[in-house]
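One letter stands for each residue in the lines below.
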Amino acid sequence: MNYIDLHCDTLTACCDSGQGIIENNLQADVERLKKSGCTAQCFAIFTEGASAPQDFEKYLSFYLKELEENPEKLMPVTSSQNLKKCVSSGILGGLLTVENLSFIGDDLSKIACLSKAGVKMASLVWNNENLLASPNLKFENGVPQFLERSKKGLTDLGRQAVEELDKNKIIVDISHLSDGGAEEILNNRKIPVVASHSNCERVCRVSRNLTDGLIKKLADCGGVIGVNYCMDFLGDETFESVARHISHIINIGGEDSVALGSDFDGIPAPEGLEDCTKIQKLLTFLEGRIGISALEKLAHLNFERVFKEVCG
């Protein structure tokens, strides 16, 4: 079955390690993604710290060069028509996303520049508070405090950033965002929102996972949650835990609210899902749990709907 993956850190990892997106020894590359049935992969540019503005430009240039040099293998997805073409052409679609908008500082005009560069999804924050928002995972002396949840909301600048993302047809990603910030975005929301790589707090009690209330509100606005394969957020057995999180999302938000968000090359390799070549085994396992109709929605139809509605 064809599928779309809502989040990986492969772009950043490749650039940092001097490898290419088409072929590498990481958890995902274009060649293996295509063989695994992936029709479109969301490639995140992740930056953090003082060098973030320069790093963003470096990663963007790297990605654009990969696209330019490999048009027969990787196609930029900028519209729902592009997304459909990926399936018919057999060329992997690349959706450019941003994890952590802190690098824009207080210059919200940069969001329009992101849109022009082809960015189709963006999150406000990673694991450190910035000018826009606060994270949902706190650290003390480098140790994650998995049970502490933050009710801190968006800053005024963060609220304006969300408006700019909407205006520029960039999907708002609430993964990593505090409960308070996510609540602000989701309350009375009409435009779909994505949690590109998040799981369920009720299934695995860590603050990086979404509460039932947030899952319901995200589903109510037509959004989707990409289930993350990180064992810290899954629980114990890999396939079984993935199935539990997916089933819980469906129970709370319905079949239209779930997707896949591997977080490949941003997480330690989980047993059984060490890399993208294992995804068809996972999909076969999930078919036995949720059925073929729900599986097809999870694999690609749900995100295709959101992408068309938000990005056009």
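Residues numbered from 1 in each chain as written. Predicted model: local features only at pLDDT ≥ 70, side-chain atom pairs only at ≥ 80, totals over all residues. Heavy atoms only, no water.

Novice: Can you break down the packing of aromatic side chains residue by residue, with the values?
Specialist: What the rule picks out here adds up to 7 aromatic pairs. For the pair F46 and W126, a centre-to-centre distance of 4.8 Å together with 65 degrees between the ring planes defines the contact as edge-to-face. One end of the pair, F46, is in strand β2 (residues 38–46); the other, W126, is in the loop between β5 (119–123) and β6 (138–140), with 80 residues separating them in the sequence. Residues F146 and F233 carry aromatic rings whose centres are separated by 6.4 Å and whose planes lie at 90 degrees to one another, so their mutual orientation is edge-to-face. With F146 in the loop between β7 (143–145) and α6 (156–167) and F233 in helix α9 (residues 231–234), this pair connects stretches of sequence that are 87 residues apart. Accessibility expressed as a relative area gives 23% for F146, which makes it partly exposed. (Phe/Tyr/Trp six-rings, centres within 6.5 Å; stacked < 30°, edge-to-face > 60°. Helix = DSSP H or I, 4+ residues; strand = E, 2+ residues; numbered from the N terminus. Buried < 20%, exposed > 50% of the residue type's maximum accessible area, 1.4 Å probe, protein only.)

Novice: Outline the packing of helix α11 (residues 279–290) against helix α12 (residues 292–311), listing residues and values.
Specialist: Between α11 and α12, the least distance of the axes is 7 Å, while the angle of their chain directions is 130 degrees. Taken together, the axes of α11 and α12 are oblique relative to one another. Seen along the crossing, α11 lies across α12 with a hand that is right-handed. Across the interface between the two elements, L283, L286, E287 and I290 from α11 touch I292, A294, L295 and L298 from α12. For the contact of α11 with α12, a count of residues per class yields 7 nonpolar, no polar and 1 charged. (Axes fitted to C-alpha atoms, helices over the stretch in contact; angles between N-to-C directions. Parallel < 35°, antiparallel > 145°, perpendicular 65-115°, else oblique. Left-handed = near helix turned anticlockwise from the far one by under 90°. Contact = heavy atoms within 4.5 Å. Nonpolar A, V, L, I, M, F, W, Y, C, P; charged D, E, K, R; others polar.)

Novice: Give me the layout of surface pockets: which residues, what numbers.
Specialist: By volume, the largest pocket is sized at about 360 Å³. W126, N127, D263, G266 and I267 are the residues nearest the centre of the largest pocket, which is lined by 23 residues in total. Counting residues per element, the lining of the largest pocket draws most heavily on α9, which supplies 3 residues. When its residues are assigned to classes, the lining of the largest pocket shows 13 nonpolar, 5 polar and 5 charged. (1 Å grid on protein atoms, 1.4 Å probe; cavity = no way out; pocket = protein on both sides within 12 Å on 5 of 7 lines; lining within 4 Å. Points joined across faces, edges and corners; volume = space filled by probe spheres on them.)

Novice: So what's going on with the pairing of β2? Which residues, and what values?
Specialist: The buried fraction of β2 is high, at 9 of 9 residues. As defined by bridge partners, strand β1 (residues 3–8) adjoins β2 across 4 bridges and the pair is classed as parallel. In the sheet register, C8 faces β2, and the bridge partner there is F43. Looking at chain direction, β2 and strand β4 (residues 92–99) are connected through 7 bridges and run parallel. Bridging across to β4, F43 finds its partner in L96. (Pairing = 2+ DSSP bridges.)

Novice: How would you summarise helix α1 (residues 10–17) if you had to cite specific residues and measurements?
Specialist: α1 sits mainly inside the fold: 6 of its 8 residues count as buried. Buried within α1 are the following residues: T10, L11, T12, A13, C14 and C15. Elements in contact with the buried residues of α1: β1, β2, α3 (52–69) and β4. Phi for G18, located one or two positions after α1, is positive at around 75 degrees.

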